[in-house]
Amino acid sequence: MVSVVKWFILNEVIVNKTVFIVVLGTSPAILTETVWALAVNEKIVPDEIEIWTTKTGKEKFEVQVFNPEKNVWESLKADLIKRKIDIADKLILGDDSWKIFANTEKQRLEDLLTTDDNLAAADKMLAELRKYDEPSTQILLSIAGGRKTMSALALQCMSLLGREGDKVYHVLVNSPFDNPKLMPPFFFPEKKGKKWAERKIGDDCKVTDDMAQINLFNVPYIRVRPLYE
């Protein structure tokens, strides 16, 4: 009876902070596509963003997204503002946003290639999730990026600690917008003035961003937390 009463209390808690956590590899578009889809399709703008990745993943992101010639992150925020979506004091990426996997000697990992690397990453993920254990904080976790072991471990961590209301997402985008050969690279449906951005693969394939379809799949997962609380 006690556990049943507690379950209902947890479900009546008012959420006052939403944290978006993304498992990221070397495809930065996973983050931008998911944030765009959350804001535009789900009407959710996270209060805080946390990125779980490797040293290489962060470097790739900074080169492609924070490019001096075109800051994709600022372009994304500008697009949401044009859509009348309130992002005030949100979508801020700073040093605290990055959680880089490290080995037992606290050396940042370039990649997760060994059993020890993956176990260290799992411990890091679990520790990071535990920081957001306040009942009024909602966790949204994307498992679309990184190696499959990263996604599998992240999902298991959510299975252990996830509460009713915490969600796991996978992001899906139609072809050819998921093709790494697309130039310029696709990060979200973008307009240049009143015209949609154009992209192409070689000379044979040409598309405009109004053809892009970004879908979020809400991944069902088993929450075992109520069994041991």
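Above this text is the structure in question.
Since the structure is predicted, the reported quantities are computational estimates derived from the model, not experimental observations.

Trainee: Describe in detail the pattern of salt bridges, supporting the description with residues and values.
Mentor: Applying the stated rule across the entire model yields 16 salt bridges. Between glutamate 62 and lysine 58 there is a salt bridge, and its shortest N-O distance comes to 3.9 Å. Pair noted here: glutamate 62 and lysine 58 are both in helix H3 (residues 55–65), with a separation of four residues, about one helical turn. A residue is classified by how much of its surface remains accessible, and glutamate 62, at 34% relative accessible area, is partly exposed. Aspartate 79 serves as the salt-bridge partner of arginine 83, at 2.9 Å between the closest nitrogen and oxygen. By sharing partners, the salt bridges in this structure join Glu50, Lys124, Glu128 and Lys131 into a single network.

Trainee: Please give an account of the nonpolar core that cites residues and values.
Mentor: Grouped together as the largest cluster of nonpolar side chains are 43 residues, with contacts concentrated most on Leu31, Ile49, Trp73 and Leu80. Secondary-structure elements contributing two or more residues to this core are strand E1 (17–23), helix H2 (29–40), strand E2 (48–53), H3, helix H4 (72–82), strand E5 (98–100), strand E7 (167–173) and strand E12 (214–218). For this core, the element with the highest residue contribution is H2, accounting for nine residues. With residues up to four places along the chain from it excluded, the contact list for tryptophan 73 reads Leu31, Thr32, Val35, Ile49, Val65, Phe66, Leu91 and Leu93. Core analysis: the next-biggest nonpolar cluster, separate from the first, contains 25 residues, Val19, Ala121, Ile139 and Tyr221 among them.

Trainee: Give a description of empty space enclosed by the protein that names residues and reports values.
Mentor: Within the structure shown, the criterion is met by one cavity of 30 Å³ or more. Reported here for the largest cavity is a volume of approximately 50 Å³. Leu129, Tyr132, Asp133, Ile139, Met158, Leu161, Gly162, Arg163, Asp166 and Arg225 are the residues that line the largest cavity. Its residues assigned to classes, the lining of the largest cavity shows five nonpolar, one polar and four charged.

Trainee: Summarise the side chain of threonine 32; cite the residues concerned and give the values.
Mentor: Inspection of the secondary structure assignment puts threonine 32 in helix H2. In terms of polar contacts, threonine 32 uses its side chain to reach the backbone carbonyl oxygen of alanine 29, at 3.2 Å.

Trainee: I'd like a description of the sheet that holds E2, backed by residues and values.
Mentor: The strands making up a sheet are joined through hydrogen bonds of the backbone, oriented either antiparallel or parallel. Spatially, six strands are ordered E5-E2-E1-E6-E7-E12 in an open sheet, and the strand pairing comes out mixed. The open sheet has two free edges, formed respectively by E5 and E12, since each of these has just one partner strand. Between one strand and the next, the sheet's axes are offset by a mean angle of 25°, whatever the strand orientation. Relative to E2, E1 is paired through five bridges, and the arrangement is parallel. Looking at E2, one finds that valine 22 is bridged to isoleucine 51.

Trainee: Give me the lowdown on the layout of surface pockets, citing residues and values where you can.
Mentor: Its boundaries defined by the atoms lining it, the largest pocket holds a volume of some 490 Å³. Considering the residues around the largest pocket, the lining is formed by 23 residues, among which Ser27, Ala29, Glu33, Asp178 and Pro180 are closest to the centre. Elements with a contribution of two residues or more to the lining of the largest pocket: H2 and E7. Residues belonging to the lining of the largest pocket are distributed by class as follows: 14 nonpolar, seven polar and two charged. Looking at the second largest pocket, its volume works out to about 230 Å³. Together, Gln64, Asn67, Lys70, Val72, Pro184, Pro185, Phe187, Glu190, Lys192, Ala197, Glu198 and Arg199 line the second largest pocket. A class-by-class count of the residues in the lining of the second largest pocket yields five nonpolar, two polar and five charged.

Trainee: With reference to specific residues and values, describe the pairing of strand E6 (residues 137–142).
Mentor: Of all six residues in E6, six are buried; the element is thus mostly enclosed. On E6, burial covers both faces: Thr137, Ile139 and Leu141 on one face and Gln138, Leu140 and Ser142 on the other are all buried. Of the pairings in the sheet, the one linking E1 to E6 comprises six bridges and is parallel in character. Considered in E6, the bridge of phenylalanine 20 is made with leucine 140. As defined by bridge partners, E6 adjoins E7 across three bridges and the pair is classed as parallel. Across the sheet, residue leucine 141 finds its bridge partner in E7, namely valine 168.

Parameters and conventions
- Residues numbered from 1 in each chain as written.
- Predicted model: local features only at pLDDT ≥ 70, side-chain atom pairs only at ≥ 80, totals over all residues.
- Heavy atoms only, no water.
- Salt bridge = Lys/Arg side-chain N within 4 Å of Asp/Glu carboxyl O.
- Helix = DSSP H or I, 4+ residues; strand = E, 2+ residues; numbered from the N terminus.
- Buried < 20%, exposed > 50% of the residue type's maximum accessible area, 1.4 Å probe, protein only.
- Core = buried A, V, L, I, M, F, W, Y, C linked by side-chain atoms within 4.5 Å.
- Contact = heavy atoms within 4.5 Å.
- 1 Å grid on protein atoms, 1.4 Å probe; cavity = no way out; pocket = protein on both sides within 12 Å on 5 of 7 lines; lining within 4 Å.
- Points joined across faces, edges and corners; volume = space filled by probe spheres on them.
- Nonpolar A, V, L, I, M, F, W, Y, C, P; charged D, E, K, R; others polar.
- Polar contact = N/O pair within 3.5 Å; in protein donor to acceptor, adjacent residues only side chain to side chain.
- Pairing = 2+ DSSP bridges.
- Axes fitted to C-alpha atoms, helices over the stretch in contact; angles between N-to-C directions.

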